[in-house]
There are 2 protein chains.
Amino acid sequence: MESTANGARTPRRRRAQGLSREVILDACLRLAAETAPDALSFRKIGKELGADPTALYRHFADKDDLLLSLADRVLARGMEGYAPSVSWVASLRDLMLRARAGFLEYPQVATLAALRVTRQEGELQFVEAMLAALHRAGFKGKDAARIHRACADFMLSWTGFSAGLLLLGEKSSQDDRAWVESYAGISVGDYPLAVASVSAMAEIPDDENYTFALELLLAGIAARLGVESLTEMNT
Amino acid sequence: MESTANGARTPRRRRAQGLSREVILDACLRLAAETAPDALSFRKIGKELGADPTALYRHFADKDDLLLSLADRVLARGMEGYAPSVSWVASLRDLMLRARAGFLEYPQVATLAALRVTRQEGELQFVEAMLAALHRAGFKGKDAARIHRACADFMLSWTGFSAGLLLLGEKSSQDDRAWVESYAGISVGDYPLAVASVSAMAEIPDDENYTFALELLLAGIAARLGVESLTEMNT
DNA sequence: ACCTGAACACCGTTCAAGT
DNA sequence: ACCTGAACACCGTTCAAGT
């Protein structure tokens, strides 16, 4: 990669020299950008680096360790360019959308690490920005902590879900077939509402669904504000 | 299991005779009730049945096929005893809680199948009950479909998340250690709010967190009702 | 018709050995 | 100090063979 001056055609393994956490993480992100289901195995990372797969154990305790660092990098990347808005709702919405979008650029990382807490720089940036927005709204202390946790885990769980759907890929289409087939064996008359709406529901893309649920959540938070302070109401 | 009359001490493998989808699914649920991380492999299911692991392929196309049937059974089990309330909010809340609780009795199934659509009996029961509650609230057609999808995927994604946490088990405790350790290397002064609330947030158990987020979501839906019909308002 | 068992192409991880 | 490579205990799945 550095100098392709001489014999550029032999695709044999580069010598693995100067591995480091940074170098390894970069290679992982290169692999994780793809939507292939198992792109992040040690063996594939090793090949990408031209190193023996087990060399990674010199720099990371185990796969979990690697994954947490990877997840934090991805979150931090999603936070790049974030600027708080004057509106706290707009800030919350922005954060909840950009964090998810950041993760979904690396679906592998999202599925594998969505339920882990990284406790590294990127996560702290996200938490601090969320809490700042909630403070501006008037939520403090324990109340702010509860709402932040609800929002963060809403985002993380749904992001893991979405990443899983992306990685399933073509299998989702198989699902559509199964849908039609499996209806044959079931007494459809018992489920009139479900049968009537089934295609309308299937049409909704996951992104739109997340956005819509997020708006419901934000409305719920806003409504809570009304209850708390009783000074201002928003429809 | 059927008759322990003679030689009950030899734990050698029962002969595998009369395997069927039903028999296999029962064995799977027995295994999946545990919190062991990899309890649902074909090899372990085979051992539980006293059959060769590959015998399962005679009854299920692949692991995915098995998982979908398993997931639908678990959902159906969660729906047992459901009775719609006069209050549509109470009905929605009940459905969103019982579906998750049903899945979490079989964490293996929940992690592996949360993002799949089963299109079998249990799922239809759930969808029908949700739509019925939404209709009673006054949501119809496309609007009901959108809200149902938001609710269902909120529940499914969070349930997959929760099941993952359960399966992580002791690793969560490791996280707590990591939390303290990793704070050493970071300039804490840059994240005052995050640092101040970190322990308050960590204390919130996942169940409570889900319940709280669910209330926010329900409040958001109720608020939307106000916008729609303009006839009745609820704080 | 149904079950078995060897085999294939994968996993994460450990450990003695090389340099 | 860092990387290698054989090995271990696992995966899901295929396929020829048994009964």
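Because the structure is predicted, anything quoted here is derived from the model rather than measured. (Residues numbered from 1 in each chain as written. Chains lettered and ligands numbered in written order. Predicted model: local features only at pLDDT ≥ 70, side-chain atom pairs only at ≥ 80, totals over all residues. Heavy atoms only, no water.)

A. A look at the interface of chain B and chain A. Across the contact, 59 residues belong to chain B and 59 residues belong to chain A. Here chain B and chain A share an interface that buries about 5800 Å² over both sides, 69% of which is from carbon and sulfur atoms. Our count for the contact surface shared by chain B and chain A stands at zero salt bridges. For the side of chain B that touches chain A, the secondary structure elements donating two or more residues are α6 (121–137), α7 (141–168), α8 (171–182), α9 (192–202) and α10 (206–229) of chain B. A per-element tally of the side of chain B that touches chain A places α7 of chain B first, with 15 residues. Among the residues forming the side of chain B that touches chain A, the class breakdown is 34 nonpolar, 11 polar and 14 charged. (Contact = heavy atoms within 4.5 Å. Buried area = accessible area lost by both parts, 1.4 Å probe. Salt bridge = Lys/Arg side-chain N within 4 Å of Asp/Glu carboxyl O. Helix = DSSP H or I, 4+ residues; strand = E, 2+ residues; numbered from the N terminus. Nonpolar A, V, L, I, M, F, W, Y, C, P; charged D, E, K, R; others polar.)

B. Here's a closer look at the protein's contact with DNA strand D. The environment of DNA strand D is made up of 18 residues, and the closest members are D52 and R58 of chain A together with R43, Y57 and K63 of chain B. With respect to DNA strand D, the side chain of R58 of chain A contributes an N or O atom lying 2.8 Å from a base nitrogen. Here a base nitrogen of DNA strand D and a side-chain polar atom of R43 of chain B are 2.8 Å apart. Here the element with the most residues in the surface near DNA strand D is helix α2 (residues 42–49) of chain B; it accounts for three residues. (Near = heavy atom within 4 Å. Polar contact = N/O pair within 3.5 Å; in protein donor to acceptor, adjacent residues only side chain to side chain.)

C. Structural view of empty space enclosed by the protein. Going through the model one piece at a time under the given rule, you end up with two cavities of 30 Å³ or more. Here the largest cavity defines a volume of roughly 40 Å³. Taken together, R146 of chain A together with I204, E208, N209 and F212 of chain B form the lining of the largest cavity. Of the residues forming the lining of the largest cavity, the biggest block, three residues, is contributed by α10 of chain B. Residues of the lining of the largest cavity, tallied by class, amount to two nonpolar, one polar and two charged. In this structure, the second largest cavity encloses a volume near 30 Å³. For the second largest cavity, the full set of lining residues is C28, L40, F42, I45, K63, L66, L67 and L70 of chain B. Looking at the lining of the second largest cavity, the elements with two or more residues in it are α2 and α3 (63–79) of chain B. It is α3 of chain B that provides the largest number of residues to the lining of the second largest cavity, a total of four residues. A per-class count over the lining of the second largest cavity returns seven nonpolar, no polar and one charged. (1 Å grid on protein atoms, 1.4 Å probe; cavity = no way out; pocket = protein on both sides within 12 Å on 5 of 7 lines; lining within 4 Å. Points joined across faces, edges and corners; volume = space filled by probe spheres on them.)

D. The relation of the copies chain B and chain A, seen in detail. Note on the identical chains: chain B maps onto chain A by a rotation of 180 degrees and an axial translation of 0.0 Å, with an RMSD of 0.0 Å. In the structure described here, the two chain copies are related by an operation that fits a two-fold rotation axis. Within chain B, the C-alpha atom positioned nearest to the axis of rotation is that of G220 of chain B, 2.0 Å from it. When the interface residues of chain B are mapped onto chain A, 100% of them are again interface residues, pointing to one common binding face. (Least-squares fit on C-alpha atoms with pLDDT ≥ 70 in both.)

E. A look at the side chain of R116 of chain A. All names here are of chain A. Mapped onto the secondary structure, R116 falls in the loop between α5 (107–113) and α6 (121–137). Take R116: its relative accessible area is 6%, and that puts it in the buried class. At a separation of 2.5 Å, a polar atom in the side chain of R116 contacts the side chain of D64. (Buried < 20%, exposed > 50% of the residue type's maximum accessible area, 1.4 Å probe, protein only.)

F. Up close: the packing of aromatic side chains. Summed over all chains, the structure comprises 13 aromatic pairs over all chains. For the pair W158 of chain A and F161 of chain A, a centre-to-centre distance of 6.4 Å together with 80 degrees between the ring planes defines the contact as edge-to-face. Taken together, the residues W158 of chain A and F161 of chain A, both in helix α7 (residues 141–168) and three residues apart, mark about one turn of the helix. In this structure, W158 of chain A and F161 of chain A share a single accessibility class: buried. Ring centres of F154 of chain B and W158 of chain B lie 5.6 Å apart, and the angle between their planes is 55 degrees; this geometry places the pair in the tilted category. (Phe/Tyr/Trp six-rings, centres within 6.5 Å; stacked < 30°, edge-to-face > 60°.)

G. Structural view of the nonpolar core. In terms of nonpolar packing, the biggest core is built from 142 residues, with F154 of chain A together with F154 of chain B touching the most fellow members. A per-element tally of this core places α7 of chain A first, with 13 residues. Aside from chain neighbours lying at most four places away, what touches F154 of chain A is M96, Y210, A213, L214 and L217 of chain A together with F154 and W158 of chain B. (Core = buried A, V, L, I, M, F, W, Y, C linked by side-chain atoms within 4.5 Å.)

H. Region of interest: the protein's contact with DNA strand C. Taken together, 18 residues lie near DNA strand C, and R43, Y57 and K63 of chain A together with D52 and T54 of chain B sit nearest. Separating a phosphate oxygen of DNA strand C from a side-chain N or O atom of K44 of chain A is a distance of 3.4 Å. D52 of chain B places a polar main-chain atom, nitrogen or oxygen, 2.6 Å from a phosphate oxygen of DNA strand C. Class assignment for the residues of the surface near DNA strand C results in seven nonpolar, four polar and seven charged.

I. Quick look at the packing of α7 of chain A against α7 of chain B. Remark: α7 of chain A packs on α7 of chain B, axes separated minimally by 8 Å, with the N-to-C direction vectors making an angle of 90 degrees. The angle between α7 of chain A and α7 of chain B falls in the class roughly perpendicular. Counting all contacts with α7 of chain A, which are made through A150, D153, F154, L156, S157, W158 and F161 of chain A, the residues of α7 of chain B involved are A150, D153, F154, L156, S157, W158 and F161 of chain B. Broken down by class, the residue content of the contact of α7 of chain A with α7 of chain B amounts to 10 nonpolar, two polar and two charged. (Axes fitted to C-alpha atoms, helices over the stretch in contact; angles between N-to-C directions. Parallel < 35°, antiparallel > 145°, perpendicular 65-115°, else oblique.)

J. Geometry of the pattern of salt bridges. By the definition in use, this model includes 22 salt bridges over all chains. Taking the shortest distance from any N to any O, the salt bridge between D26 of chain A and R73 of chain A comes out at 2.9 Å. Note that D26 of chain A is positioned in helix α1 (residues 21–32) and R73 of chain A in helix α3 (residues 63–79), a separation of 47 residues in sequence. By relative accessible area, R73 of chain A is classed as partly exposed at 21%. E215 of chain B is the salt-bridge partner of R93 of chain B, the closest N and O atoms lying 2.7 Å from each other. Residue R93 of chain B is found in helix α4 (residues 88–104), and its partner E215 of chain B is found in helix α10; the two are separated by 122 residues along the sequence. Look at E215 of chain B and you get partly exposed, because its relative accessible area is 30%. Each member of the salt-bridge network shares a partner with another, and the members are E22, D26 and R73 of chain A.

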